[in-house]
Amino acid sequence: MGHRVRKHVVPAVLVAAAFTMSACSTNSSGASAKSPSNSPAAGNSAVALKGSIAFNDAKLAELRDKIKAALAGKDLSKVDNAVVVNVVSAYWDAAKTGAEKGASELGVKSTFQEPPTQDVTLQLSMIKTLVSQGITGFSVSAIQPSAMGSAVSAATARGVNILPIDGPMQQYQNDAPVYLGTPNYAAGQQAGKAMAQMLPSGGDVALLTGSLTATNATQRIAGFKDAIKNTKIKVFQVYNDNGDAGKALQNASAAMQADSNLKAFYTVWSYDGPSAGQAVQSAGKSGKVQILADDAEPKTLQMLKSGVIQAMVLQQPYQQGYMAEYILTAMKVLGRPATMALLKPYLGSDGYTLSSGIGVVTAADLDAYNAKLAGFGLTSS
């Protein structure tokens, strides 16, 4: 099967700075909108979860404005950025929208590429081709960070800047000094705490993931397991689907057949939530087997609204695409030391992570979250 790659070169048009990310954020307390009329029944334990949709938007808007000011009057004509993600997914459509927006505001070139499946060899080939074609920087969600060495070396040899997104690549920190994305361990912890509220009496939980090697997956799973250590929740099994939504559906069905006492799923990659939802519906166990899903794909949002999925732990892929354009452009034009000086006050305690934020959404928060997405020009994330 031939791979499908979508390539977008954004026109060099400088858009007025009227767009403000923080304008569509909730306040820092994460205040929720009124519950939708068709939210889950009052007896559903997930309704007790406290939602938060502030993410890290205000700080990122502040950083963006500082980068924009530092770039004012500079020649950006030689900037040629790229975004290379790990698989075709609705999750990455949000990052693509963000990258296009950021590149358009700056007036720089930007290319977006995505392998149709989690093919490490294909992803490396994409990167090496882009580097040979003269890009000046790229952001990447590495399928397998340990395999990125040759691509990093090829990029570094040509002076191409590298920005890990979605999953960190700390083994290459000398060449890629900052990670833009979700603090994945913290996101996993947030999921574990939410699950403890969903299952106050404990029970078996199955995990669905698209990888057992990608850093974002391993860190989220580790954070989840650590957060439930002192509860009566037990991880029955972690199922890997290698980026295949059909396999995720099979895994979810297999988990319910293998464990008649299964109480819930925690789904780690974006398409895993709808796959678990479909399996639960087919088994006639909606509401009986609960689902805590990472990310907000269109079907996940629908299933949250109908009560098949009880809550979502969310990232901000839009910001990963949007801010990547600003950071890569700054690295090319201002230089890496000057860019890192701008970034430093916004990095986490590790001095490496620029958080795109973590959110939690239940049916009670859905209207407010949908309004937030609309502010970014999105319908899902």
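Calculation criteria
In this numbering scheme, every chain counts its residues from 1 along its sequence in written order. With pLDDT at 70 or above as the cut-off, local features in this predicted model cover only qualifying residues; side-chain atom pairs require 80 or more to be listed or tallied, and sums for whole chains, interfaces and linings still use all residues. With hydrogens and water set aside, each side-chain value is computed from the structure's full complement of heavy atoms. Only strands joined by at least two bridges in the DSSP assignment are considered to pair. Only DSSP runs of H or I with at least four residues qualify as helices, and only runs of E with at least two residues qualify as strands; both kinds are numbered from the N terminus onward. Axis definition: a line fitted to C-alpha atoms, over the contacting stretch in the case of helices. Angles run 0 to 180 degrees between N-to-C directions. We call two residues contacting when some pair of their heavy atoms lies within 4.5 Å. The rule is simple: take the accessible area with a 1.4 Å probe, protein chains only, and divide by the maximum for that residue type; under 20% is buried, over 50% is exposed, in between is partly exposed. Salt bridge, as used here: a side-chain nitrogen of Lys or Arg that lies within 4 Å of a carboxyl oxygen of Asp or Glu. If an angle is under 35 degrees, it is roughly parallel; if it is over 145, roughly antiparallel; if it lies from 65 to 115, roughly perpendicular; otherwise it is oblique. Working rule for handedness: look at the near helix, and if it is turned counterclockwise from the far one by less than a right angle, call the crossing left-handed; if clockwise, right-handed. Classes in brief: Ala, Val, Leu, Ile, Met, Phe, Trp, Tyr, Cys and Pro nonpolar; Asp, Glu, Lys and Arg charged; the others, Gly included, polar. We define the nonpolar core as a collection of buried residues of types Ala, Val, Leu, Ile, Met, Phe, Trp, Tyr and Cys that are connected through side-chain atoms lying within 4.5 Å of one another. Scored from 0 to 100, pLDDT reflects the predictor's confidence in each residue. Note on aromatic pairs: the rings of Phe, Tyr and Trp (six-membered ring only in Trp) are paired at centre separations within 6.5 Å, and the planes decide the class, stacked below 30 degrees, edge-to-face beyond 60, tilted for the rest.

1. With respect to the sheet that holds strand β2 (residues 109-113)
With parallel pairing, four strands are arranged side by side in an open sheet as β2-β1-β3-β4. The strands lining the two open edges of the sheet, one partner per strand, are β2 and β4 (161-164). Ignoring which end each strand starts from, the neighbouring axes of this sheet average 15° apart. Bridge count for strand β1 (residues 80-84) against β2 is five bridges, and the pairing is parallel. Each bridged residue has a counterpart across the sheet, and for A82 the counterpart in β2 is T111. Where helix α3 (residues 120-132) meets the sheet, it contacts β1, β2 and β3 (137-140), and its direction lies at approximately 180° from that of β1.

2. As for the pairing of β4
Going residue by residue along β4, you find N161 and L163 tucked away on one face and I162 and P164 tucked away on the opposite face as well. Sheet analysis places β3 next to β4, joined by four bridges and oriented parallel. Note on β4: the bridge partner recorded for F138 is I162.

3. With respect to unusual backbone geometry
The backbone of F55 shows a phi angle near 50°, a positive value even though the residue is not glycine. On the basis of relative accessible area, F55 is assigned to the buried category, the value being 13%. A positive phi angle, close to 80°, is found at D295, a residue other than glycine. With respect to the secondary-structure elements, D295 resides in the loop between β9 (290-294) and α9 (298-306).

4. Examining the pattern of salt bridges
Pairing is possible between side chains that carry opposite charge, provided their charged atoms lie close to one another. Within the structure shown, the criterion is met by seven salt bridges. Among the ionic pairs, D226 bridges to K229, the shortest N-O distance being 3.2 Å. Via salt bridges that share partners, D166, R220 and D294 belong to a single interconnected network.

5. A short note on the packing of helix α5 (residues 184-198) against helix α6 (residues 215-227)
Relative orientation of the contacting elements α5 and α6 amounts to 40°, with a least axis distance of 6 Å. Put simply, α5 runs oblique to α6. In this structure, the crossing between α5 and α6 has a hand that is right-handed. Across from N184, Y185, G188, Q189, A191, G192, K193 and M195 in α5, the residues of α6 making contact are N216, Q219, R220, A222, G223, F224, D226 and A227. Split into classes, the residues belonging to the contact of α5 with α6 amount to six nonpolar, seven polar and three charged.

6. As for the nonpolar core
Ranked by size, the top nonpolar core spans 66 residues in total, and within it F265, L354 and Y369 carry the most contacts. At nine residues, the largest contribution of residues to this core is made by helix α10 (residues 317-333). Beyond its immediate stretch of four places on either side in the chain, L354 contacts L60, L63, V178, Y179, L180, G181, I327, L343, Y346 and L347.

7. Focus on the confidence of the model for the protein chain
When pLDDT is averaged along the protein chain, the result is 88; 87% of the residues meet or exceed 70. In this model residues 1-47 is a low-confidence stretch, pLDDT under 50, and it forms 106 contacts with partners more than four residues away in sequence or in other chains.

8. Some details on the packing of aromatic side chains
Throughout the structure, instances matching the rule amount to six aromatic pairs. Pairing Y318 with Y322 gives two aromatic rings, centres 5.7 Å apart and planes at 15°, and the pair type is stacked. With Y318 and Y322 both in helix α10, this residue pair falls four residues apart, about one helical turn. We note that Y318, like Y322, is buried. Grouping aromatic residues by their ring pairs yields a cluster made of Y318, Y322, Y326 and F376.

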